Amino acid sequence: MATRWGICSAGRISHDFAVALKTLPAEAHQVVAVAARKLEDAEEFARKHSISRAYGSYEELARDPDVDVVYNGVIHPHHLKTCLLFTNAKKNVLCEKPLAMNAREVKEILDSAKKNNVFLMEAVWTRFFPVSVEIRRLLAQRELGEVKMVRSEFGRPLMHVPRLLQKELGGGALLSIGMYCLQLVLMVYDGEKPESVQATGVCLETGVDETVVVTLKFSKNRLATFTYSSRVALLNDAIIVGTNGTIHIPEKMWCPTSLVVNGEERRFPVPEPSLPLNFPNGTGLRYEAEEVRLCLLKGLKESTIMSHADSLLLAELEDEIRRQVGVVYTQDL
């Protein structure tokens, strides 16, 4: 039987997710419903993506008995409320990153998923790309020897995007783009908590972070450093350095389609979309959807690739980076 998806929010990322699902077999994935705050937005989305049911409230989606799993694409200040709505309605949830505004909210979401015995995963889509699968394989086989250093950067000029600038919309570069660098470091170092975190950066007048440099030290003298910025375009690459070699992600480290292992390039292209996308390599959202289906078929309540512990550590480190650069959301008070 197909995994039956409900989509919460008719925004830009939800559009790309619906397009990505169309690249997978219809007998495995079907979108059966979409919900938005305005019924006309949901109806327009449903027309565009050939979805049979459109709702003008998230509560109606939560009550739909034909929905196996909800893709939560609302902006992150609303993740706590919407995730709790769906988990309390006994719905499985794939929630866009960041899972919540801080570690306290993340804990509340994870506790609710456990209490209601439903599957829940933070949609850190990068982790499910074939490039990331290959990186984990190479590291597990110790192709690089002992990894000693990870460096990455993600910067795009996003000063024209209100969501990035306004605190009440969850603004700030860390939760939107910097977290991709951080999650890569944590993936490479296998979910280990760093011994130390040092962050220094620049904030906007609105009180959100704009450009930050972070250095982390792990056990056995292993290091990581990353830079993120919503002001300037950076190379957006990443490098993993071991005692016996290197892995280089040459571009778009957050949605990668190639990697260079000791000078040898390997390509993993994403499928072509059936409709124009809002984000680069948006059909790559299919890989996290495949993981959700696999987990549901196995009866799992979390993914081993992006586990609840992974989400909590990510949030705790995001909190610490924000604390050091001086970003405080109302949710922190």
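Residue numbers here run from 1 along each chain, matching the order of that chain's written sequence. Restriction of local features to residues with pLDDT of at least 70 applies here, the model being predicted, together with a cutoff of 80 or more for giving and counting side-chain atom pairs; totals for whole chains, interfaces and linings are based on all residues. With hydrogens and water set aside, each side-chain value is computed from the structure's full complement of heavy atoms.

### Focus: the UniProt feature "domain: Gfo/Idh/MocA-like oxidoreductase N-terminal" (unreviewed entry) in the protein
- On the UniProt side, "domain: Gfo/Idh/MocA-like oxidoreductase N-terminal" (unreviewed entry) is annotated at positions that read residues 4–121 here.
- For helices the rule is a DSSP run of H or I covering at least 4 residues; for strands it is a run of E covering at least 2, with both sets numbered from the N terminus onward. Helix makes up 42% of residues 4–121 and strand 22%. Its end C-alpha atoms lie 16 Å apart. UniProt positions are given in the numbering used here, feature names are shortened, and annotations may be inferred rather than shown by experiment.

### Things to note about the domain arrangement of the protein
- As annotated, the domain borders come from an automatic or database domain assignment. Along its sequence, the protein is organised into domain 1 (3–125) and domain 2 (126–268 + 279–284 + 308–332).
- A C-alpha centroid distance of 25 Å is found between domain 1 and domain 2.
- Taken together, the 26 residues of domain 1 in the interface contact 32 residues of domain 2.
- Taken as a group, Met101, Val124 and Trp125 account for 31% of the area that domain 1 buries against domain 2, more than any other trio of residues on that side.
- By definition here, a salt bridge exists when the distance from a side-chain nitrogen of Lys or Arg to a carboxyl oxygen of Asp or Glu is within 4 Å. If you look at where domain 1 meets domain 2, you find zero salt bridges.
- For the side of domain 1 that touches domain 2, the secondary-structure elements that each account for two or more residues are α1 (12–21), α5 (103–115) and β6 (120–123).
- If one sorts the elements of the side of domain 1 that touches domain 2 by residue count, α5 sits on top with seven residues.
- Three classes are used, and their members are as follows: Ala, Val, Leu, Ile, Met, Phe, Trp, Tyr, Cys and Pro are nonpolar, Asp, Glu, Lys and Arg are charged, and the others, Gly among them, are polar. When its residues are assigned to classes, the side of domain 1 that touches domain 2 shows 15 nonpolar, three polar and eight charged. Note on definitions: a residue-residue contact is assigned when non-hydrogen atoms from the two residues lie within 4.5 Å. Buried area: the accessible surface (1.4 Å probe) lost by two parts on joining, summed over both.

### Some points on helix α8 (residues 173–188)
- To estimate how far a helix should extend, the number of its residues minus one is multiplied by 1.5 Å. The terminal C-alpha atoms of α8, which comprises 16 residues, lie 22 Å apart, in line with the 22 Å expected from a rise of 1.5 Å per residue.
- Accessible area is worked out with a 1.4 Å probe on protein chains only. A residue is then buried under 20% of its type maximum, exposed over 50%, and partly exposed in between. Among the 16 residues of α8, 16 are classified as buried, and the element is accordingly described as predominantly covered.
- In the segment just after α8, Asp190 is the residue with positive phi, at about 60°.

### What about the sheet that holds strand β5 (residues 92–96)?
- The six strands are arranged β3-β2-β1-β4-β5-β6 in an open sheet whose pairing can be described as parallel. The sheet is open, and its two edges are formed by β3 (53–55) and β6, each paired on a single side. Taken over all neighbouring pairs, the strand axes of this sheet differ in orientation by 25° on average, direction set aside.
- For two strands to pair, DSSP has to find at least two bridges joining them. Relative to β6, β5 runs parallel, the two being bridged by four bridges. Under this scheme, a helix contributes an axis fitted over its contacting stretch, all axes are lines through C-alpha atoms, and angles between N-to-C directions fall in the 0 to 180 degree range.

### Overview of the sheet that holds strand β8 (residues 196–203)
- Read from one edge of the open sheet, eight strands run β8-β9-β10-β7-β11-β12-β13-β14, paired in mixed fashion. Of all the strands in the sheet, the pair left with one neighbour each is β8 and β14 (264–267). Each strand of the sheet is rotated relative to its neighbour by a mean of 10°, with strand direction disregarded.
- Summarising the sheet, strand β9 (residues 209–218) and strand β10 (residues 222–229) pair through eight bridges and their orientation is antiparallel. Across the sheet, residue Thr211 finds its bridge partner in β10, namely Ser229.

### Points about the packing of aromatic side chains
- Classification of ring pairs rests on two measures: the distance between centres of Phe, Tyr or Trp rings, Trp counted by its six-membered ring, which must be within 6.5 Å, and the angle between planes, read as stacked under 30 degrees, edge-to-face over 60 and tilted in between. According to the stated counting rule, one finds eight aromatic pairs in the structure shown.
- Taken together, the ring pairs connect Trp5, Phe17 and Tyr71 into an aromatic cluster.

### Points about the packing of α1 against helix α2 (residues 39–49)
- Across the interface, α1 lies against α2 with an axial gap of 11 Å and an inter-helix angle of 25°. As the angle between them shows, α1 and α2 are arranged roughly parallel. When you trace α1 past α2, the crossing you get is right-handed. Together, Ser14, His15, Ala18 and Val19 of α1 and Phe45, Lys48 and His49 of α2 make up the contact between the two elements.
- Of the residues belonging to the contact of α1 with α2, the class tally is three nonpolar, three polar and one charged. Relative orientations are named as follows: roughly parallel for angles under 35 degrees, roughly antiparallel for angles over 145 degrees, roughly perpendicular for angles from 65 to 115 degrees, and oblique for any other angle. By the definition used in this description, the sense in which the near helix is turned from the far one sets the handedness, with an anticlockwise turn below a right angle giving left-handed and a clockwise turn giving right-handed.

### Details of a negative patch on the surface
- Patches draw on residues past 30% relative accessible area with no salt bridge. Two like charges within 9 Å are joined, as are two nonpolar side chains (Val, Leu, Ile, Met, Phe, Trp, Tyr) within 5 Å. Per-residue accessibility takes into account occlusion by the displayed protein chains alone, with areas from the Shrake-Rupley method and a 1.4 Å probe. The charged-residue count follows a simple rule in which Lys and Arg add positive charge and Asp and Glu add negative charge, with His and chain termini not counted at all. Here the site of a charge means NZ on Lys, CZ on Arg, CG on Asp, or CD on Glu. Judged by side-chain charge, Glu40, Asp41, Glu43 and Glu44 come together as a negatively charged surface patch.
- Looking at the secondary structure, you find Glu40 in helix α2.
- Judged by its relative accessible area of 49%, Glu40 is partly exposed.

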